[in-house]
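What follows is each chain in one-letter form.
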There are 2 protein chains.
Amino acid sequence: MAASLIVRNVRPWGGPLRDVMILDGKIAPDGASPPAGTPEEDGAGHILLPGLVEAHTHLDKTMLGMPWYRNEVGPRLIDKIDNERATKKALGIDPHRQSMRQAIRSVAKGSTHIRSHVDVDTEIGLEGIEGVMRTRDALRDHVFIEIVAFPQSGLLARPGTLELLEEAMRMGSEVVGGLDPCGIDSDPKGHLDAVFALCGRFGKPLDIHLHETGELGAFSTRLILERTRALGMRGNVTISHAFCLGHPDPALIDPLLDEIAALDVRIMTTGAPSRPVPAVAPLTRRGITVCAGNDGIRDTWSPYGNGDMLERAMIVGLRNNLRRDDEVELALRVCTEGGARTMDLPAYGLEPGCDADLVLVRGESVAEAVVDRAPRPLVVKSGRVVARDGRALAEAP
Amino acid sequence: MAASLIVRNVRPWGGPLRDVMILDGKIAPDGASPPAGTPEEDGAGHILLPGLVEAHTHLDKTMLGMPWYRNEVGPRLIDKIDNERATKKALGIDPHRQSMRQAIRSVAKGSTHIRSHVDVDTEIGLEGIEGVMRTRDALRDHVFIEIVAFPQSGLLARPGTLELLEEAMRMGSEVVGGLDPCGIDSDPKGHLDAVFALCGRFGKPLDIHLHETGELGAFSTRLILERTRALGMRGNVTISHAFCLGHPDPALIDPLLDEIAALDVRIMTTGAPSRPVPAVAPLTRRGITVCAGNDGIRDTWSPYGNGDMLERAMIVGLRNNLRRDDEVELALRVCTEGGARTMDLPAYGLEPGCDADLVLVRGESVAEAVVDRAPRPLVVKSGRVVARDGRALAEAP
């Protein structure tokens, strides 16, 4: 459903005013002439960005649009995991309906690409995967959705899960997921051998949640990096959260960062204000790709979140104490280009030949767009308008 | 300018639906009958809260409504202080106009009380104080503004400042300010003796910025507490930021917290995501009053902020990992009742007899109001409507 479109009077990344022409869903070379009757949009001087990239969320379990969930869950990670698995069906969290709601919300806020982890466990089975796959297909012309088959409740600790994960990959999940090989499965070798084997079998990348902090997280990271190197997975592994990289001792993390850079392992951060987090600027300076995501939005884990990747850029900025304009712009690059590199999007950007996946944001400068987070005037996917004035054209169920 | 008003169909703190009657600017006792012709507002089932309390900001130096300021300032605290003092006049940051803009923005977002630190230094002199006093008077019917005379550039380190601070108190500032007695003035005894002496001379409370972390901040805190006790200032001292109380070693901070509780010293936090911060829940459990503020909003220090104390409650919640509904409500209590106790507001709350300073917020629950931060349907000051549907009735210059 690629389309042609002229977007007039926009400022790419806050630079000088220009028109952008889109031919068949691609940004046209400068000087290309549009076919007669090509529709036009007036960008009114707003800033043009490539679409925002939501590189880590959980579309299948948001409760957006449902009655308020009163959270009385315990403080430990396992409390949240166990509560969720036990209550997901009772609460009627339908993965298709809920992923439609969140994905359409994301479109309204300017995200053109979403990587969603989707729970696979012995309670929900493959219903989450099926539901989000239906959403992925239904919204194909509005947003690109990539599915990570995610063993949220543990992999080896809950027999039957590995087989389900394998089936999720056979069904067409794009990425293999994993989770805290020490903290949840208590078998780091077993867990990592299993998920890397799935990657090998299906020729797919890995995106593993790693909440483990300090020395424990550093140990798991080392095991991940060893396998990445040994199995030739360079450029095909993402570590999500990687709280251990927020440890203040350079003696612990610098050797890991060197290896992460060498193996082109990508790091996903939410800029979690209450946790140690990887430091965006130093990692970027080392050449490491850092991306960001909203993680769970209004689910049984946490009530926060609205799917806005500009707000996520703000939180990443606040967490990393990014105040100068160039620093705030870095936070936004994490939420755009960093996500695109993590998802290996082949034609992302504002250059001629890139996919016309675009968002207009309000602000005199890029930094102002981030701190204001005003409604997005226009969102374009493959040359088609998919949202306008903060509202998506697709209707949520 | 107190007025009478009936607000129908509201849910105080998210509780059962009721009507609230206001007589002459005060919440009337249950069963009181309104005089004929009393105006009415339909609360449409929204949650009723006492007005939000912005307990720490800098009204005099926001750049709201001015051209975007490109921040290229260095990373140290002193870089920000020196840059600001040097550029404030050149940039044309008029304290009256700018404080009007921010205060009216705050009213639109439901704040009925503001404590503002206002710079006093040898460059700006008392112009900031004069400008914010004009705003305080001009907006008297819209929002209560309290002024802290604040030696932002240091007190003893810059001769002449103490005399200016004394003059600011004589002019009618409500609170004596202070700043990092070790880190900026390098003379903790001299700095603290000077500001406590001003408190004694004018019979006013103290609100001191303390950015110093770890052992240094703990040392300064000890000196503050010693003077608070010796000078009979119990209940009259606020420590703003108090990053040192975010130190993880209980052996360092527990004795301080005991003394803070005993002396009823109030702690102001922004929930700064990039700094150690006092932990809201444990401090509250000890009986310590914790309040919150937005600090500087879009100034030469930082581009972030919009004056919304619901957003501040969200950031305090995120920073303190407050996820359960009762925890998110605690974050909101900090941004309402905590601020009111810090400012010693004599008749704050929703009980009969309290000042009718109220805000309606949207949400099924209090927690939803915080995470959604939807525009405020109605803001009332002394029984008069001052903002509606997210817009203040006062017009900003």
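Just so you know, these numbers come straight off a predicted model, no measurement behind them.

Here we look at helix α6 (residues 214-230) of chain A
Residues and elements named next belong to chain A.
Then step 1. Compared with the 24 Å implied by 1.5 Å per residue over 17 residues, the 24 Å span of α6 between its first and last C-alpha is a close match.
Then step 2. For α6, every residue scored as buried is listed here: G214, G217, A218, S220, T221, L223, I224, L225, R227 and T228.
Then step 3. Elements in contact with the buried residues of α6: α5 (188-202), β10 (206-210), β11 (237-241) and α7 (250-262).
Then step 4. In the stretch just after α6, G232 is the one whose phi turns positive, near 65°.

Structural notes on the interface of chain A and chain B
Then step 1. Facing the 36 residues of chain A at the interface are 36 residues of chain B.
Then step 2. In this assembly, chain A packs against chain B so that about 3,300 Å² is buried in total across both faces, 54% of it on carbon and sulfur atoms.
Then step 3. Together, W68, Y304 and R323 of chain A form the three largest contributors to the area buried by chain A at its contact with chain B, with a combined 24%.
Then step 4. Linking chain A with chain B are 8 salt bridges, by the criterion used here.
Then step 5. The partner of E311 of chain A in a salt bridge is R373 of chain B, and the shortest N-O contact between them spans 2.8 Å.
Then step 6. Our enumeration of links across chain A and chain B arrives at 20 residue pairs in polar contact (both at pLDDT 80 or more).
Then step 7. Put simply, the parts of the chain that give the side of chain A that touches chain B at least two residues each are α9 (309-319), α10 (325-342) and α11 (366-372) of chain A.

Details of the relation of the copies chain A and chain B
Then step 1. With an axial shift of 0.0 Å and an RMSD of 0.0 Å, the rotation relating chain A to chain B amounts to 180°. On this basis, the relationship between the two copies can be described by a two-fold rotation axis. Residue P273 of chain A of chain A places its C-alpha closer to the rotation axis than any other residue of that unit, at 2.4 Å.
Then step 2. Counting the interface residues of chain A, we find that 100% of their copies in chain B are interface residues as well, pointing to one common contact surface.

Let's talk about the sheet that holds strand β6 (residues 52-57) of chain A
Strand pairs in the sheet, formed through backbone hydrogen bonds, run parallel or antiparallel to each other.
All names here are of chain A.
Then step 1. One open sheet accounts for 8 strands, arranged β6-β7-β8-β9-β10-β11-β12-β13; its pairing is parallel. Edge positions in the open sheet fall to β6 and β13 (290-292), since each of these has one partner strand only. Recorded for the sheet is a direction-independent mean angle of 25° between the axes of neighbouring strands.
Then step 2. In the sheet, β11 pairs with strand β12 (residues 266-269) via 3 bridges, with the strands oriented parallel. Bridge assignment links T238 to a residue of β12, and that residue is R266.

Some details on the packing of aromatic side chains
Then step 1. Scanning the entire structure with this criterion turns up 0 aromatic pairs over all chains.
Then step 2. The ring of W13 of chain A has R333 of chain A lying over it, and the distance from NZ or CZ to the ring centre is 3.7 Å.

A closer look at unusual backbone geometry
Residues and elements named next belong to chain B.
Then step 1. The phi torsion at W13 lies on the positive side, around 50°, for a residue other than glycine.
Then step 2. Summarising the element assignment, W13 is placed in the loop between β1 (5-12) and β2 (18-23).
Then step 3. Although it is not a glycine, D295 sits at a positive phi angle of roughly 60°.
Then step 4. Secondary-structure assignment places D295 in the loop between β13 (290-292) and α9 (309-319).
Then step 5. The class of D295 is partly exposed, set by a relative accessible area of 22%.

A closer look at the confidence of the model for chain A
Do not read the fine detail of predicted coordinates wherever pLDDT is low.
Then step 1. Chain-level statistics for chain A give a pLDDT mean of 97 and a share of 100% at 70 or above.
Then step 2. Overall fold confidence (pTM) sits at 0.97, and the ipTM for the predicted complex is 0.96.

Focus on the state of the cysteines
Then step 1. As enumerated under the stated definition, the model contains 0 disulfides over all chains in all.
Then step 2. Between C182 of chain A, a free cysteine, and C244 of chain A, which holds the nearest cysteine sulfur, the sulfur-to-sulfur gap is 11 Å.

Reading guide: rules and limits
Residues numbered from 1 in each chain as written. Chains lettered and ligands numbered in written order. Predicted model: local features only at pLDDT ≥ 70, side-chain atom pairs only at ≥ 80, totals over all residues. Heavy atoms only, no water. Helix = DSSP H or I, 4+ residues; strand = E, 2+ residues; numbered from the N terminus. Expected span 1.5 Å × (residues − 1). Buried < 20%, exposed > 50% of the residue type's maximum accessible area, 1.4 Å probe, protein only. Contact = heavy atoms within 4.5 Å. Buried area = accessible area lost by both parts, 1.4 Å probe. Salt bridge = Lys/Arg side-chain N within 4 Å of Asp/Glu carboxyl O. Polar contact = N/O pair within 3.5 Å; in protein donor to acceptor, adjacent residues only side chain to side chain. Least-squares fit on C-alpha atoms with pLDDT ≥ 70 in both. Pairing = 2+ DSSP bridges. Axes fitted to C-alpha atoms, helices over the stretch in contact; angles between N-to-C directions. Phe/Tyr/Trp six-rings, centres within 6.5 Å; stacked < 30°, edge-to-face > 60°. Lys NZ or Arg CZ within 6 Å of the ring centre and 35° of its normal. pLDDT = per-residue confidence, 0-100. Disulfide = S-S within 2.5 Å.

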